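Read off the chains here:
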Amino acid sequence: MRLVLFYKITILIILFSFLESNAQQISFLPLTKLNRKDLLPSLNARKIVKDNLGFIWVATQDGLYRFDGRHSVYFTHNEKDPRFALGGTDIFDLAITEDGRFLWALSNNGTITRINILQGIVDRTVTLTAAAIWAKSLCTAGNYLYAGTAEGLVYRIDNRNGAVSPPLSLGKVLGHGGSVDNIIAGPDQQIYLLVSGLGIIITDQDLRHIRTLNPDQFFPGSKVEFFDYVIYNHSVIISSNAGLLVLNMPANQLKPAAQVMPPQARKMLPKKIDCMTVSGDIAYFAGDQHLIEVNLQSGNYRQIIFSRNMEDQDWLIFTSSLYFDGVSLWIGSQYGTGWIKDVHTPFTAFYTSKNTPSEKLEHCMTLFHTDTATIYACTDHGLYKLQTHTGNLQRVSERKQYYAGIDVKGRGIIASGPHGTEAFDHNGNKAALQRMFPELTILKNETLVAMETIRDSLYFFSGFNPTSLFCWDRVRRQIHRLPSSGMGGSRKGYFVKKLYASTKGKLWILFDASISIYDPANGNVQELTLYPPGETSALSILMDVCESSNRYWITVYGKGIAQLIQNGKIEQLYSIAEGVHNLCLYSVLPLNDSIIIASSNEGLTSVNLHTRQVRNFFEEDGLHSNYFEQFSSDQQSNHIFFGGLKGLTMIDRKKFHIDNGNSHLYAKSVSLQNSSGSLDTFSTLFNQMIVPSTTIQVAFNFCSVNFSTPEKETFFYRITEVDSSWIPIGHQNSISLIGLSPGAYTVQVKSSESNKTAGMHPLQLKLIWLPHWYQTWWFKAAILLLIIVLTYLVFSYRIYQMKKEQQIRKGIASDLHDDIGSTLNALKVYSHLARREPGKEEHMIQIEESLAQASSGLRDMLWTLDDNNDTMSGIMERIKKFAMPLAIANNIELQYAVNDEQNQPVSKTEKRNLLMIAKESINNAIKYAQPKTILIRLEYRNNLKSLIISDDGKGFSINMSGEGNGLKNIRYRAAQIHFETMITSTPGKGTAIKVWKK
């Protein structure tokens, strides 16, 4: 069974060599190119592979890069960052491990670099040997990696630890070596070595030689060189300089494709196929400047030609690598890397001619077709004939401007411009209008801008205004001018925009702000003025009309696409809110019963009439450009056409489909920046990170793997704990987070393609932002506790101060009661005595002394309460005011000294009691000691407060005399302010009283 399948595959592969036959099929597909302007490390792409995440990896002669459709990550030999540094410069081959976790890149100098695909960084570099070699091929098989060289050496590397086993030397085993161009991992743990000049060497995984398959027997005298291979259904299709070979791996049987081909087909086999790729049953072959698609199951094939610019075919001069993933076809060549976004695209763009590249469709004014494979374009530089199945473009007229044209079935074509109206046959040859269509001679000098036919029997021609509107009855060979008086466009300044033949056989004539519907059967004209729902102002600048799903659809410049029901009323207007990208709308055509497509000056817009889904298409989707012309459209049974600047676009009705999206979001890196630098973490599957408290900024970088519509994709993000609404960031693929408070945050990112990709959820990153030490809960608790303690202390201190003030008040009250109160009582007594004994002068003296004593006591009290004298100096000044008059009156020398280094304040209690101690001491000295000198010293130094009062009077013996009330008062007042008291006295030597406080 497998052998039958082997022969079947071989036959099917060869079928593509008949492409030059009449049955050859050609598809024109757009090529999207990456080159030097995209900052690629090198243009020469040697190998292209795709990993399980969807990233494309391209090996070049100057490094390796990973591509997501919009951005690239580069790996080079000279990179200073070891995470992106390769072991060598020229990358010859790539291999992805079976588990999809790692990609190995082989450099020609014999170093192999392993890249962690999930992280996107280098994690290992292996050197095969210190000797000079030329490494060429690479393959993975289970836990092992195999590398082949041009010297005939094969190395086995353990993928788990990078250990390199001693190499297999083909020269030693087989007697002579050869270049190991490819290595294939086969079934039953067999390894196939494609060695130029030797054949296919089969070994086991330990590189023990099993057998050799020699293709030289099929190609006598030829030294077979191998180029590329693909694996399909347990068989290997191999390209070589001698042609295609097919290897049946289960049977280890090698056959040339030519042996199973009919003799007449052998000469059609391409001599050289540079590279191949396969996905499913579809294979692509590049060689001899051709790109061929073959269905290996059905045998169908087609040639792929790059549309838009025929110069792009130069990419096939030398194609070094192909990769097909089922949708996109990647092409590596000496000019760079390119890809066809969708090999099944319904769009085919035409700009330059395949047979004559100098001929170009610079500006298509109008389009019309003559058959299913031929379309004519009226342009600024002539009338062009395009063969859509071959891409051949022919200018059939002189280089002059044409506005409109139409096919007259079975007879020829008519085209018109500023120079008048002309006729051509179907071969593109110009003919005399009066000879081909005699009745149209009156149009010879007319400039016609619109043409239409009803059932190929009535033809209508229009100039810019209604007075130039003609009807030609082709069957009767009669032409007449339609009356313009009954048409809404007959008013001054109104121009004919479009002629449209409805399915009911009526002619719709579109003017700027109205529509006239002409019935050829009876000559009646119906006028339509269109009003949007709920508005009184009529729509203006009507551009085009078509029919689909029993509705009329009209493009209105600046407004949208109006949906009319049969009575002419507008049912709905599709505008920006409904998803129309650009309101500068031009032509509109029905694609099928459910979809209409409108052109604009920025792409095409489709409307699904059943689901009301609106989609927009642009140059990157396969259009010839984004800029269309207002009257440039046409339709036939299988295709519709839209033209404009730089060519025209053909849309296949059967292939048209709405893309459901093919975009996948991945994390790229998270960068943490602090005052000392930054830290980058790389991982495509990264979903959570702890952010240190010292972080100033977090940069979240992400990427979207999208090869279909990368230019249209935009991004949105939100932080769910901050705001539930999505924030647009355009094409930017990074988010910077600054100033977030400590806590857990969920950052979500979505793409504009998310709604179109089934099962696609927003990319999510959880950030746990650690607090600074002063933002932690324990610090906040400590601060709260400290506040409570401080509040308590302040409150306690306040209570203490209040108690102290209360105590001072009580002391003052007590002093007032004791001093002034007693003095006033004495004054009262003396006053009574003076009234009773008015003649006694001593009573008046006593009253005077009492008043003086009360006045002095009151002044002392006021002085105590004054805040300006709360220092030692202030106390001394008060003592001097008291003592000086007494000293002068008793002829006593008064000496005083103050030593207050820092002018420190004293409390009011200390102030009051020190004054009273000084007054008591001075009074006692004057009254009892009869001194000649009194010394008063106040000191406040080294936190020591002291008051010393000494005299040189007669003194006394403390032990013999005991202490009187005066000394007791001194000790009492000193104790009140927590001062120590020392009293020393010697008869005949004076007395010294010292109070102090530490």
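Residues numbered from 1 in each chain as written. Predicted model: local features only at pLDDT ≥ 70, side-chain atom pairs only at ≥ 80, totals over all residues. Heavy atoms only, no water.

### A look at helix H8 (residues 908-929)
Think of an α-helix as 3.6 residues a turn; residues three or four steps apart then line up on the same face. Taking 1.5 Å per residue, 22 residues should reach 32 Å; H8 reaches 30 Å between its end C-alpha atoms and fits that length. The element H8 is largely enclosed, with a buried count of 17 among its 22 residues. Where H8 ends, the next residue or the one after it, Gln930, has phi of about 45°, a positive value. (Helix = DSSP H or I, 4+ residues; strand = E, 2+ residues; numbered from the N terminus. Expected span 1.5 Å × (residues − 1). Buried < 20%, exposed > 50% of the residue type's maximum accessible area, 1.4 Å probe, protein only.)

### Observations regarding the pairing of strand S54 (residues 614-617)
Neither face of S54 is left uncovered, since the one carrying Val614 and Asn616 and the one carrying Arg615 and Phe617 both have all their residues buried. Looking at chain direction, strand S53 (residues 604-608) and S54 are connected through four bridges and run antiparallel. Considered in S54, the bridge of Leu604 is made with Phe617. If you look at the hairpin formed by S53 and S54, you'll find five residues sitting between the two strands, and Arg612 has a positive phi there, around 65°. (Pairing = 2+ DSSP bridges.)

### Regarding the sheet that holds strand S24 (residues 282-287)
What the five strands build is an open sheet, ordered S1-S26-S25-S24-S23; its pairing is mixed. Whereas interior strands pair on both sides, the edge strands pair on one side only; in this sheet they are strand S1 (26-29) and strand S23 (275-279). With direction set aside, neighbouring strand axes in the sheet form an average angle of 25°. Two strands pair when backbone bridges link them, and strand S25 (residues 290-295) and strand S26 (residues 301-306) are joined in this way by three bridges, in the antiparallel orientation. When the sheet's bridge partners are listed, Val294 is paired in S26 with Tyr301. (Axes fitted to C-alpha atoms, helices over the stretch in contact; angles between N-to-C directions.)

### Comments concerning unusual backbone geometry
The backbone of Asp288 sits at a positive phi, close to 55°, despite the residue not being glycine. Of note, Asp288 is situated in the loop between S24 and S25. In this structure Asp288 comes out as partly exposed when scored by relative accessible area, which is 42%. We note that Asn891 has phi near 55°; this positive angle belongs to a residue other than glycine. Asn891 sits in the exposed class, given a relative accessible area of 69%.

### Some remarks on the UniProt feature "transmembrane region" (unreviewed entry) in the protein chain
Sites flagged by UniProt as "transmembrane region" (unreviewed entry) map to residues 777-800. With 100% helix and 0% strand, residues 777-800 has end C-alpha atoms that lie 34 Å from one another. (UniProt positions renumbered as here; feature names shortened; annotations may be inferred.)

### A word on the sheet that holds strand S16 (residues 190-195)
Sheet strands pair by backbone hydrogen bonding; their relative direction is either parallel or antiparallel. Read across the open sheet, the four strands follow the order S15-S16-S17-S18; overall the sheet is antiparallel. The sheet terminates laterally at strand S15 (180-185) and strand S18 (209-213), the two strands that pair on one side only. Taking the axes of each pair of neighbouring strands and ignoring which way they run, one obtains an average angle of 20° across the sheet.

### As for the packing of aromatic side chains
Within the structure shown, the criterion is met by 31 aromatic pairs. Taken together, a centroid distance of 6.3 Å and an interplanar angle of 90° make the contact between Trp778 and Phe779 edge-to-face. Using a relative accessible area of 46% as the deciding quantity, one classes Trp778 as partly exposed. Pairwise contacts between aromatic rings join Phe67, Trp330, Trp339 and Phe707 into one cluster. Taking the ring centre of Tyr144 as reference, the NZ or CZ of Arg160 above it sits at 6.0 Å. Cation over ring: Lys994 sits above Trp996, and NZ or CZ is 5.4 Å from the ring centre. (Phe/Tyr/Trp six-rings, centres within 6.5 Å; stacked < 30°, edge-to-face > 60°. Lys NZ or Arg CZ within 6 Å of the ring centre and 35° of its normal.)

### Focus on a nonpolar patch on the surface
On the surface, Ile783, Leu785, Leu786, Ile787, Val789, Leu790, Tyr792 and Leu793 cluster together into a nonpolar patch covering about 740 Å² of accessible area. By the secondary structure assignment, Leu786 is in helix H5 (residues 777-836). (Patch = residues over 30% accessible without salt bridge, like charges linked within 9 Å, V, L, I, M, F, W, Y side chains within 5 Å. Areas by Shrake-Rupley, 256 points an atom, 1.4 Å probe, with all protein chains shown as cover. Salt bridge = Lys/Arg side-chain N within 4 Å of Asp/Glu carboxyl O.)

### Concerning the side chain of Thr111
Structurally, Thr111 is set in strand S9 (residues 111-116). On the basis of relative accessible area, Thr111 is assigned to the buried category, the value being 8%. There is a polar contact of 2.8 Å between the side chain of Thr111 and the side chain of Asn109. In this structure Thr111 touches Gly87, Gly88, Ala105, Leu106, Val126 and Thr127, once residues within four positions along its chain are discounted. (Polar contact = N/O pair within 3.5 Å; in protein donor to acceptor, adjacent residues only side chain to side chain. Contact = heavy atoms within 4.5 Å.)

### Let's talk about the confidence of the model for the protein chain
In this model, the protein chain carries an average pLDDT of 84, and 86% of its residues clear a pLDDT of 70 or more. Below a pLDDT of 50 lies the segment residues 1-24, which in the model reaches 64 contacts outside its immediate sequence neighbourhood of four places, other chains included. Low pLDDT, under 50, characterises residues 260-269; the predicted model gives this stretch 16 contacts beyond four residues in sequence or across chains. (pLDDT = per-residue confidence, 0-100.)

### Some words on helix H10 (residues 965-976)
Taking 1.5 Å per residue, 12 residues should reach 16 Å; H10 reaches 16 Å between its end C-alpha atoms and fits that length. Turning to H10, its buried residues are Gly966, Leu967, Ile970, Arg973 and Ala974. Taken down its axis, H10 places every buried residue within 125° of arc, on the same side. Facing away from the buried side of H10 by over 90 degrees, the exposed positions are Asn965 and Tyr972. (Arc of directions from axis to C-beta.)

### Focus on the pattern of salt bridges
Across all of its chains, the model carries 28 salt bridges by this definition. Residue Arg302 pairs with Glu293 through a salt bridge whose shortest N-O separation is 2.9 Å. Take Arg302: its relative accessible area is 7%, and that puts it in the buried class. We note a salt bridge from Lys409 to Asp407, for which the minimum N-O separation is 3.2 Å. For Asp407, a relative accessible area of 6% puts it in the buried group.

### A few points about the packing of H8 against H10
The contact between H8 and H10 brings their axes to 9 Å, and the two run at 165°. One finds that H8 runs roughly antiparallel with respect to H10. For the crossing formed where H8 meets H10, the hand is left-handed. Residues Asn913, Met916, Ile917, Glu920, Ser921 and Asn924 of H8 pack against Gly966, Leu967, Asn969, Ile970, Arg973, Ala974 and Gln976 of H10. (Parallel < 35°, antiparallel > 145°, perpendicular 65-115°, else oblique. Left-handed = near helix turned anticlockwise from the far one by under 90°.)

### Structural notes on the pairing of strand S69 (residues 944-951)
In terms of burial, S69 is a largely internal element, six of the eight residues being buried. Relative to S69, strand S68 (residues 933-941) runs antiparallel, the two being bridged by eight bridges. Opposite Tyr940, over in S69, you have Lys945 as the bridge partner. Counted along the chain from S68 to the antiparallel partner S69, the turn is two residues long, and its residue Asn942 has a positive phi close to 55°. Both S69 and strand S71 (residues 990-997) contribute to a ladder of seven bridges, which runs antiparallel. For Asp951, the partnering residue across the bridge sits in S71 and is Thr991.

### Things to note about the environment of Asn159
For Asn159, the position within the fold is in the loop between strand S13 (153-158) and strand S14 (168-169). Distance from Asn159 to Gly142, taken between C-alpha atoms, is 8.6 Å for residues 17 residues apart in sequence.

### A short note on the packing of helix H7 (residues 872-889) against H8
A packed helix pair is summarised by two numbers, namely the angle formed by the two axes and the spacing between the axes. At their nearest, the axes of H7 and H8 sit 10 Å apart, and the two run at 20° to each other. Here H8 runs roughly parallel to H7, going by the angle between their axes. Remark: the crossing between H7 and H8 carries right-handed chirality. Along the contact surface, H7 presents Ile875, Arg878, Ile879, Phe882, Ala883 and Leu886, while H8 presents Lys911, Leu914, Leu915, Ala918, Lys919, Ile922, Asn923 and Ile926. The residue inventory of the contact of H7 with H8, partitioned by class, reads 10 nonpolar, one polar and three charged. (Nonpolar A, V, L, I, M, F, W, Y, C, P; charged D, E, K, R; others polar.)

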